Amino acid sequence: VRGIVIHAPITDPSNFRAAKHLDQWLKARNIIGISGVDTRALTALIRDKGMPNAVIAHAPDGQFDLEALKREAAGWPGIDGMDLVPGVTAAQRYEWNATTWALGEGFGVQDAPRHRVVAIDYGVKSNILRLLAKAGCAITVVPATTSAEAILAMKPDGVFLSNGPGDPAETGKYAVPTIRKILDAKVPTFGICLGHQLMAIAVGAKTEKMKQGHHGANHPVMDYTTNKVEIVSMNHGFAVDPKSLPANAKETHRSLFDGTNCGVALTDRPAFSVQHHPEASPGPQDSHYLFRRFTDMMENSKSA
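The rules behind these values
Residues numbered from 1 in each chain as written. Predicted model: local features only at pLDDT ≥ 70, side-chain atom pairs only at ≥ 80, totals over all residues. Heavy atoms only, no water. Patch = residues over 30% accessible without salt bridge, like charges linked within 9 Å, V, L, I, M, F, W, Y side chains within 5 Å. Areas by Shrake-Rupley, 256 points an atom, 1.4 Å probe, with all protein chains shown as cover. Salt bridge = Lys/Arg side-chain N within 4 Å of Asp/Glu carboxyl O. Helix = DSSP H or I, 4+ residues; strand = E, 2+ residues; numbered from the N terminus. Buried < 20%, exposed > 50% of the residue type's maximum accessible area, 1.4 Å probe, protein only. Core = buried A, V, L, I, M, F, W, Y, C linked by side-chain atoms within 4.5 Å. Pairing = 2+ DSSP bridges. Axes fitted to C-alpha atoms, helices over the stretch in contact; angles between N-to-C directions. Contact = heavy atoms within 4.5 Å. Phe/Tyr/Trp six-rings, centres within 6.5 Å; stacked < 30°, edge-to-face > 60°.

**Student:** Could you give an account of a nonpolar patch on the surface, with specific residues and numbers?
**Tutor:** Taken together, the side chains of Val-5, Ile-34, Leu-42 and Leu-45 make up a nonpolar region of the molecular surface, amounting to roughly 270 Å² of accessible area. Within the element layout of this structure, Val-5 appears in strand β1 (residues 3-5). Relative accessible area serves as the criterion here: at 36%, Val-5 is assigned to the partly exposed category.

Here's what the structure looks like:
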């Protein structure tokens, strides 16, 4: 996050789990914000005209150089062709065993895992790791540039391709060769968001920049494997072009807002991926079955 735009001013925390005031959190990370914005009007603008470039500026004396700020906004190249993963991936590998939070208990610990998973970190969200651990996985998180040889040497039962920011085609320049080797080794693979896009590219599909992108909760998505509609959370500006999917990749999920692709499964290898965020719980748990689908895939692979 580089900036925050909100309608109402930040208030004191009202949740008993809050560890710090949001204003303090933002200042500690040098993240600028602005309140008092009509965010519904801004949403309508983005819906009709696409995502504009913008600058959020702070001047203690109240004197802004508007022309310079306009030039700065106009000069931003956008995220087309940008690999943003190096700024968010882990610096070194680490182990993860924390599970989800429960009232009166806090976060749990997975101390009897049934599966060893390697998670490639393109900007992974902690709650994804918690749900993987809750599903019975011991997780080793590795940096985005970790080689396929190093990952396969860990003898994982499965590989997870995480979410992350930026242009998937650019990140794919180093990520896709690794993913292809993992898929060719027939290691069960599960991808979310950027991981979904990268897996699609790895089997020959293409991604495209969206006019508006999908952000926030309450997105309806059809799961064609169950014929059920899920209410999901999304945060992406690129999408997989379903027309570019090869014969061995079938579309499993689709947005009911605009028909864009939201999921893929391979027919010749144990691998699947989704565009949305099942860990974000907007449904609230409509998509948690995907973590069980991954563990079932690992179980079946072991049996085979």
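Let's pick the thread back up.
**Student:** Could you give an account of the nonpolar core, naming the residues involved and the relevant values?
**Tutor:** In this structure, Ile-120, Tyr-122, Leu-183 and Leu-266 are the most contacted members of the largest nonpolar core, which totals 30 residues. Among the secondary structure elements, those contributing two or more residues to this core are β6 (115-121), α5 (148-153), β8 (158-161), α6 (168-184), α7 (194-202) and β13 (261-266). If you tally residues by element for this core, the top one is α7, at 6 residues. Residues Val-117, Val-124, Ala-135 and Val-274 belong to the second largest nonpolar core, which totals 26 residues.

**Student:** Break down the sheet that holds strand β14 (residues 271-274) for me, with residues and values.
**Tutor:** The strand order across the open sheet formed by 10 strands is β3-β7-β6-β8-β9-β14-β13-β12-β10-β11, and the pairing between neighbours is mixed. The open sheet terminates on both sides in strands that have one partner only, identified here as β3 (94-96) and β11 (228-240). Direction aside, neighbouring strands of the sheet carry axes that sit 25° apart on average. The pairing of β8 with strand β9 (residues 189-192) spans 3 bridges and is classified as parallel. Opposite Leu-161, over in β9, you have Gly-191 as the bridge partner.

**Student:** Break down the environment of Pro-270 for me, with residues and values.
**Tutor:** With respect to the helices and strands, the residue Pro-270 is situated in the loop between β13 and β14. Each C-alpha atom of the pair Pro-270 and Pro-188 lies 4.8 Å from the other, and the pair is 82 residues apart in sequence. Among all residues touching Pro-270, those that are not within four sequence positions of it are Lys-186, Val-187, Pro-188, Thr-189 and Met-297.

**Student:** Account for α7, with residues named and values stated.
**Tutor:** For α7, the buried fraction is high: 9 of the 9 residues fall into the buried class. Of the positions making up α7, those classed as buried are Leu-194, Gly-195, His-196, Gln-197, Leu-198, Met-199, Ala-200, Ile-201 and Ala-202.

**Student:** Please provide a residue-by-residue account of the pairing of β13, values included.
**Tutor:** Walk down a regular strand and you will see the side chains alternate between the two sheet faces. Burial of β13 is extensive: 6 of the 6 residues sit out of reach of the surface. Two strands pair when backbone bridges link them, and strand β12 (residues 249-255) and β13 are joined in this way by 5 bridges, in the antiparallel orientation. Looking at the pairing, His-253 lines up with Gly-263 of β13. Pairing analysis gives 3 bridges linking β13 to β14, with the strands arranged antiparallel. Among the inter-strand pairings, Ala-265 is bridged to a residue of β14, identified as Phe-272. Joining the antiparallel neighbours β13 and β14 is a turn of 4 residues.

**Student:** An account of the packing of aromatic side chains is needed here, citing residue identities and associated values.
**Tutor:** One pass over the full model with this rule turns up 5 aromatic pairs. Ring centres of Phe-160 and Phe-190 lie 5.5 Å apart, and the angle between their planes is 65°; on these two criteria the pair is classed as edge-to-face. In this pair, Phe-160 is assigned in strand β8 and Phe-190 in strand β9, connecting sequence segments 30 residues apart. No difference in accessibility class separates Phe-160 from Phe-190, as the two residues are buried. Arranged with centres 5.4 Å apart and planes meeting at 50°, the rings of Phe-190 and Phe-294 form a pair that is tilted. In this pair, Phe-190 is assigned in strand β9 and Phe-294 in helix α8 (residues 289-303), connecting sequence segments 104 residues apart.

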